[in-house]
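Single-letter residue listing:
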Amino acid sequence: MTVYPAKQHFAATAAHLGADSGVILVHGSETLMHPDSDTEYEFHQNSNFYYLSGVAEPGFAAAYDISTRTAILFVPHVSADEAVWIGVPPSLEEYRVAHGFDAAHYTKEISAVVGALNSSAVYTLPENASACAAFALAPVEKLRVAVHEARVYKDDCEIAIMRRANQISSAAHVTLMREAREGMNEAELRGRFVGLALAQGCSYEAYGSIVARGRNAAVLHYTKNNMVLDAPSDVVLVDAGGTYGNYASDITRTWPVGPRFTDNAREIYSIVLDMQKTVIDACAPHKQWEDMHLLAARVAAEGLLRLGVLTGDLDSIMANHVVGYFMPHGIGHLIGIDTHDVGGYPAGTERINKPGLRYLRARREMLPRMVFTVEPGLYFVDAILAEAQATPAVAQHINFDAVKRYRSVGGVRIEDNIVITESGNDNLTSECPKEVADIEALRASAYSA
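Reading the values: rules and limits
- Residues numbered from 1 in each chain as written.
- Predicted model: local features only at pLDDT ≥ 70, side-chain atom pairs only at ≥ 80, totals over all residues.
- Heavy atoms only, no water.
- Phe/Tyr/Trp six-rings, centres within 6.5 Å; stacked < 30°, edge-to-face > 60°.
- Helix = DSSP H or I, 4+ residues; strand = E, 2+ residues; numbered from the N terminus.
- Buried < 20%, exposed > 50% of the residue type's maximum accessible area, 1.4 Å probe, protein only.
- Lys NZ or Arg CZ within 6 Å of the ring centre and 35° of its normal.
- Axes fitted to C-alpha atoms, helices over the stretch in contact; angles between N-to-C directions.
- Left-handed = near helix turned anticlockwise from the far one by under 90°.
- Contact = heavy atoms within 4.5 Å.
- Nonpolar A, V, L, I, M, F, W, Y, C, P; charged D, E, K, R; others polar.
- Pairing = 2+ DSSP bridges.

(A) How the structure looks around the packing of aromatic side chains. Summed over all chains, the structure comprises nine aromatic pairs. When the centroid spacing of 5.0 Å and the interplanar angle of 55 degrees are considered together, the rings of Tyr 4 and Tyr 50 count as tilted. In this pair, Tyr 4 sits in the segment before helix H1 (6–17) while Tyr 50 sits in helix H2 (residues 47–53), placing the two residues 46 residues apart along the sequence. Residues Phe 60 and Tyr 95 carry aromatic rings whose centres are separated by 5.1 Å and whose planes lie at 75 degrees to one another, so their mutual orientation is edge-to-face. In this pair, Phe 60 is assigned in the loop between H2 and strand E2 (61–65) and Tyr 95 in helix H4 (residues 92–99), connecting sequence segments 35 residues apart. By relative accessible area, which is 2% here, Phe 60 ends up buried. Residue Tyr 95 is classed as buried on the basis of its relative accessible area of 6%. Each member of the aromatic cluster is reached from another via a ring pair, and the members are Tyr 4, Tyr 50 and Tyr 247. Against the face of Tyr 447 rests Arg 181, its NZ or CZ located 5.8 Å from the ring centre.

See the structure below:
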């Protein structure tokens, strides 16, 4: 079994700190209890701590001596009474070996062990400042910025974990497309997805799954998931991914309730697919992420012009950010331990306050080993289109009669996860069908069984 490269992650973080001495000391999350209850909340490890330790259990801490490159794991002691309820834990040596550390001690020894390192500066995270108050702390933002920047670049182990997360989640998406029928409930599909992901090794949903049929798909983060698939002409937007090995996947597919897309739904879907394929083809080192968003917007504008939804000059449409009223979110985001992963806006980088662009979750140069989602979409959101109609510079380019024709589609989004490579990118979601013919073949099989 491959050991998670925690020590290498400490070293990468130290490099971003720019320090050649000092100690990094971090604490993981603790178990939380429901008020007035002995029931625990589902435990999720602090993401920064997991990156630096590879430990997914509560109550741990870890330290790294920068000058000697020594990694130390601190393990919570489990009493005999506690072991009755949670089991007998591994030994200190077993924990040390399993997580690739140089030494292991119990957490009650943190003060003595870290104190003996005689460091002039201890780097910790803002959320750990009170637990580390006995030491001479460097400004806490320094470590936060450094670990966030280190997390942006995925090593081979992380990429392999994310590839597996995508494989499991892709297979679950395919099963939904193959099995879903008219009359099922959105909640039933969500439950099926989660069950399939857990059965193949995922620990939980990477985020609250979205299963949105018809007009519900116009709600970007729709999570009610309680409506019946009662019209074969509707599409279903499924945005769902599992977390495997503490790394997220984030995949969206949109498909018809019936065996085939309606003409209107197919036209909108085809534009979104063109947007995504064009952007993925363009993603490569040293390009700017915001330019990928603008590229998707241009492809969308060209497609909507062909349908008669937009009118007028393409350059004027782009200058007035008209597509932002149909794609009111960014083209994608960094992904890793967190679904919306850290590091999207390096220090000093400002947001662009324009429709669509203002919601970009990342604005930086793409470099090898970064992992992004590519998730273009087109939506018919009444409130946003009313705003567009009241904005003359935008309204002049929109045929609102044509908009009414496509309103019932609700929304279409297609989302894959890609790794930037030295020469282009590697699509981790390649096993999840998205071509119209492939989707309709899967949907037809649901009704022929």
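(B) The arrangement of unusual backbone geometry in detail. Phi is positive for Asp 36, close to 55 degrees, though the residue is something other than glycine. Relative to the assigned elements, Asp 36 resides in the loop between strand E1 (23–27) and H2. Residue His 286 is not a glycine yet carries a positive backbone phi of 75 degrees. With respect to the element layout, His 286 can be found in the loop between helix H9 (263–282) and helix H10 (289–307). On the accessibility criterion, His 286 (55% relative accessible area) is exposed.

(C) Expanded view of the packing of helix H7 (residues 156–179) against helix H8 (residues 186–199). As a packed pair, H7 and H8 sit with axes 9 Å apart at the nearest point and diverge in direction by 145 degrees. Judged by the sense of rotation from one axis to the other, the crossing of H7 with H8 is right-handed. On the side of H7, the interface is formed by Ile 168, Ser 169, Ala 172, His 173, Thr 175, Leu 176 and Glu 179, while H8 contributes Leu 189, Arg 192, Phe 193, Leu 196 and Ala 197. For the contact of H7 with H8, the class distribution of residues is seven nonpolar, three polar and two charged.

(D) Up close: the sheet that holds strand E8 (residues 235–240). Pairing is antiparallel in the open sheet, where three strands are placed in the order E7-E8-E11. With partners counted over all chains shown, the strands left at the sheet margins are strand E7 (210–213) and strand E11 (251–256), one partner each. Each neighbouring strand pair of the sheet contributes to a mean axis angle of 10 degrees, computed without reference to strand direction. The pairing of E8 with E11 spans six bridges and is classified as antiparallel. Residue pairing across strands places Val 235 opposite Pro 256, the latter belonging to E11. Its contacts with the sheet put H7 on E8 and E11, and the angle it makes with E11 is roughly 10 degrees.

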